[in-house]
Amino acid sequence: MSRSLVLRGRRVAAFAALAALAACASTPRGIDAQWRAPDAGRPLGGARVLVACEAAETTLVRLCVERFAAELAARGATPVPAPDAPPPPAAGPRDDARYVDLARQAGAAAVWVGSVSVAPAEPASGGLSIGFGGLHVGSGGSGVGLGVTLPVGSLGGGGSAVRYAAEARVSEVAGGRLQWSARAGSGASGDAGGQLDALARRLVDAAATAGLF
């Protein structure tokens, strides 16, 4: 094999390695997936932000709003809780126009929407698990998702692993455009409040890493 072919092969290998490293770096630890608009600026940096969450249960909605608002405030934003809203159909389009309108009325510059859904998780002990729900809520600006399972037979006290996942979306109010979205799973069982604490922190940290603050 000629020297030029060897050097070319090494360059290709080095490029592939760098691309792999860049791909890993683009998705923060603990985040399943994320997307950022190419022209996204810093919509959350020191801004007034409308915070909304959608879920099948009022308790989850309130926990979700509280956790995200606390994490956004810790990053220097001024969170404004949005009124509770019923979740759109699971297969419906994601359109955060209503939140953008509310944000304008509240003098907010950005919208952070959490969508909460319930999905199966591995049971703590053996046995068939039953998933409750399948709701995946959101619209065009920010979002969150959730998952819960209950193994058959655990109703009698066997215990089950209840796990949550979250998705978040951010839209800027001026143009109503989606700027960023990400999804994360808790990776641990425990009470809903504790899991949502970890999920909110992870997603807001991811937004910061993506340069939205």
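Not measured: the values here are computed from a predicted model.

## A short note on the state of the cysteines
Applying the stated criterion to the full structure yields 1 disulfide. Put simply, Cys53 and Cys64 are joined by a disulfide, and their sulfur atoms are 2.0 Å apart. One quick way to see it: the torsion about the S-S bond of Cys53 and Cys64 is about -60 degrees, and its sign makes the bridge left-handed. Highlighted residues: Cys53 in strand S2 (residues 48-54) and Cys64 in helix H2 (residues 58-74), separated in sequence by 11 residues. There is no split in this pair, since Cys53 and Cys64 are both buried.

## Details of the side chain of Arg67
As for its placement among the helices and strands, Arg67 is situated in helix H2. Residue Arg67 is classed as buried on the basis of its relative accessible area of 18%. Contacts of Arg67, omitting those with residues within four sequence positions, involve Gly193, Leu196, Asp197 and Ala200.

What counts and what doesn't
- Residues numbered from 1 in each chain as written.
- Predicted model: local features only at pLDDT ≥ 70, side-chain atom pairs only at ≥ 80, totals over all residues.
- Heavy atoms only, no water.
- Disulfide = S-S within 2.5 Å.
- Helix = DSSP H or I, 4+ residues; strand = E, 2+ residues; numbered from the N terminus.
- Buried < 20%, exposed > 50% of the residue type's maximum accessible area, 1.4 Å probe, protein only.
- Contact = heavy atoms within 4.5 Å.

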